[in-house]
Amino acid sequence: MSIRFSEDTRSSRHHRRPSSPARFDLSLSENPFPPLPSVLRAVNEVLAHANRYPEFLPRQLPEIIGRHVGVRDDQVVVGSGATGVAMQIMQSVAFDGAEIVTGTPTFDGYPIMAEMVGMTLVPVPLDDAGNQDLSAMRRAIDKRTAVVVVCRPHNPTGTILSAGELKSFLNAVPNRVTVVLDEAYAEFLGPEERVDTLALLRKHPNLLVLRTFSKAYGLAGLRVGYAYGRRELVERVRRLQLPFGVSASALAAVSASYAAEPELTARIRHITGEREALRDALLACGHAVPRSHANFLYLPGPGVATALRRARIAAKAYPDGSARIAVGDREAGRAVLAAVAGLR
Ligand code: PMP
């Protein structure tokens, strides 16, 4: 399947929620489920003490997350969503004239943050199947490169690189370049699709794995994400942590979420099941939707974003008329299908 991807990298600091109320807002790859009752209870309990500051610098969260992931607490840095952590990473390795290499299109945050920290973005177009073009990304790395971002799954296409491709890429990147392996949607992967990040970290001191509680855990509103890697690199990133920067409610929600893993897994299964059913239906109508491993689908080609907007479905729109929609809500999926069925 060959698809053309928009290479527009204009960053906009303004995410526009639709002006007239949308019937469905699928624009931000959010989880359709509200927090689990046990998570809400835990958050409500700490809110009763919201007159108090949280920890000066997060101590408990790195411990809890480190235990979950299988690394020491000093190998974890937490922040205001994966966005906040990515920004800290970029700030901690920036230098005059520094560049950041990413696939394009990618998560909007990268061009925005590059501009904020004064790094030049070097956008490398996706290949025709919607994958990051690792050979081209490797060729784009030079002495000005401070950071290279590899997303797995990739946003907006949902595609994944194979473990082998990722390994060869990491072997080819010089150690002075920080590699951010952005796994914002890792929890949607099946066990056979995951990569052994701990093994990768043993080999690559320049690697940071970036994750979030916004997607599979459904805590986007609480703004909590993390990165893990070798202690020396994490220590550098930690130096830029904002005092009192992570709320007590984030800590409570993460602990309660880890305790509710089976219920969250069932929700993930529901979301991926809806994704597959909707993709099959879209393929049947002639939409060349790449196989997604995340909680969204990419509908390529002209007219899609407009058709969705006309049906009052908010989607992330791309300059060539393509769109990305969050999945998981069956009713919203039906509305998407009805909106775009006649287009191809
Ligand atoms: N990375 C990727 C690939 C994303 O798609 C997103 C959110 N859309 C993020 C990072 C940031 O997520 P958050 O800041 O909510 O943790």
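Bear in mind the structure is a predicted one, so any value in this text is a computation, not a measurement.

## A short note on the overall build of the protein chain
Right, on to step 1. Regarding its fold elements, the protein chain presents twelve helices and twelve strands.
Right, on to step 2. Relative to a compact globule of 344 residues, whose C-alpha radius of gyration would be 20 Å, the protein chain shows 20 Å and is just as compact.
Right, on to step 3. Pairs at least 24 residues apart make up 74% of the contacts formed inside the protein chain by residues separated by at least 6 positions.
Right, on to step 4. Here the protein chain displays about 15,500 Å² of accessible surface, and carbon together with sulfur accounts for 51% of that area.

## Quick notes on helix α9 (residues 248–259)
Right, on to step 1. The terminal C-alpha atoms of α9, which comprises twelve residues, lie 17 Å apart, in line with the 16 Å expected from a rise of 1.5 Å per residue.
Right, on to step 2. Summarising burial for α9: nine of the twelve residues are buried, a large majority.
Right, on to step 3. For α9, every residue scored as buried is listed here: Ser-249, Ala-250, Leu-251, Ala-252, Ala-253, Val-254, Ala-256, Ser-257 and Tyr-258.
Right, on to step 4. On its buried face, α9 is in contact with α1 (37–47), α2 (60–69), β8 (225–229) and α10 (261–284).

## Structural notes on the environment of Phe-244
Right, on to step 1. Assignment of secondary structure puts Phe-244 in the loop between α8 (231–238) and α9.
Right, on to step 2. Of the residues examined, Phe-244 reaches a relative accessible area of 36% and is grouped as partly exposed.
Right, on to step 3. It is 27 Å that separates the C-alpha atoms of Phe-244 and Tyr-185, two residues lying 59 residues apart in sequence.
Right, on to step 4. Excluding residues that lie within four positions of it along the chain, Phe-244 makes contacts with Tyr-53, Pro-54, Glu-55 and Phe-56.

## So, the sheet that holds strand β9 (residues 296–299)
Right, on to step 1. Read from one edge of the open sheet, three strands run β9-β12-β11, paired in antiparallel fashion. Each end of this open sheet is capped by a strand with a single partner; those strands are β9 and β11 (316–317).
Right, on to step 2. Across two bridges, β11 lies against strand β12 (residues 323–326) in antiparallel orientation. Residue pairing across strands places Ala-317 opposite Ala-323, the latter belonging to β12.

## Points about the domain arrangement of the protein chain
Right, on to step 1. Parsing the protein chain into structural domains produces domain 1 (12–33 + 262–343) and domain 2 (51–259).
Right, on to step 2. Computed over C-alpha atoms, the centres of domain 1 and domain 2 are 25 Å apart.
Right, on to step 3. Counting from both sides, the interface comprises 20 residues of domain 1 and, opposite them, 23 residues of domain 2.
Right, on to step 4. Connecting domain 1 to domain 2 are one salt bridge.
Right, on to step 5. As a salt-bridge pair, Asp-108 and Lys-316 come within 2.7 Å of each other at their nearest N and O atoms.
Right, on to step 6. Between domain 1 and domain 2 we count eight residue pairs in polar contact (both at pLDDT 80 or more) in total.

## Comments concerning the site of the ligand
Right, on to step 1. Close to the ligand lie Gly-81, Ala-82, Thr-83, Phe-107, Asn-155, Asp-182, Ala-184, Tyr-185, Thr-212, Ser-214, Lys-215 and Arg-223, which account for all nearby residues.
Right, on to step 2. In the model, an oxygen atom of the ligand is placed 2.6 Å from a nitrogen or oxygen of the Tyr-185 side chain.
Right, on to step 3. Measuring from an oxygen atom of the ligand, one finds a side-chain N or O atom of Ser-214 at 2.7 Å.
Right, on to step 4. If the ligand stood free it would expose 400 Å²; the protein chains cover 93% of that surface.
Right, on to step 5. Here the shell around the ligand is built from residues that sort into four nonpolar, five polar and three charged.

## Comments concerning the UniProt feature "domain: Aminotransferase class I/classII large" (unreviewed entry) in the protein chain
Right, on to step 1. The UniProt record marks residues 25–305 with the feature "domain: Aminotransferase class I/classII large" (unreviewed entry), using the residue numbering of this structure.
Right, on to step 2. Annotation note: span residues 25–305, helix share 40%, strand share 16%, distance between end C-alpha atoms 13 Å.

## Regarding the pairing of strand β6 (residues 178–182)
Looking along a regular strand, one sees side chains alternate from face to face of the sheet.
Right, on to step 1. Among the five residues that make up β6, five are buried, leaving the element largely enclosed by the rest of the structure.
Right, on to step 2. Side chains of β6 alternate between two faces, with Thr-178, Val-180 and Asp-182 and Val-179 and Leu-181 buried alike.
Right, on to step 3. Handedness of the crossover is the feature at issue here: the chain leaves strand β5 (residues 145–151), passes through helix α6 (residues 163–172), returns alongside β6, and the resulting connection is right-handed.
Right, on to step 4. Looking at chain direction, β6 and strand β7 (residues 207–212) are connected through four bridges and run parallel. Of the residues in β7, the one forming a bridge with Asp-182 is Leu-210.
Right, on to step 5. The β-α-β motif built from β6, the intervening helix α7 (residues 197–203) and the parallel element β7 has right-handed crossover chirality.

Conventions we followed
Residues numbered from 1 in each chain as written. Predicted model: local features only at pLDDT ≥ 70, side-chain atom pairs only at ≥ 80, totals over all residues. Heavy atoms only, no water. Helix = DSSP H or I, 4+ residues; strand = E, 2+ residues; numbered from the N terminus. Rg over C-alpha atoms; globule rule 2.2 N^0.38 Å. Contact = heavy atoms within 4.5 Å. Areas by Shrake-Rupley, 256 points an atom, 1.4 Å probe, with all protein chains shown as cover. Expected span 1.5 Å × (residues − 1). Buried < 20%, exposed > 50% of the residue type's maximum accessible area, 1.4 Å probe, protein only. Pairing = 2+ DSSP bridges. Domains from an automatic or database assignment. Salt bridge = Lys/Arg side-chain N within 4 Å of Asp/Glu carboxyl O. Polar contact = N/O pair within 3.5 Å; in protein donor to acceptor, adjacent residues only side chain to side chain. Near = heavy atom within 4 Å. Nonpolar A, V, L, I, M, F, W, Y, C, P; charged D, E, K, R; others polar. UniProt positions renumbered as here; feature names shortened; annotations may be inferred. Right-handed = clockwise from strand over helix to strand, strands pointing away.

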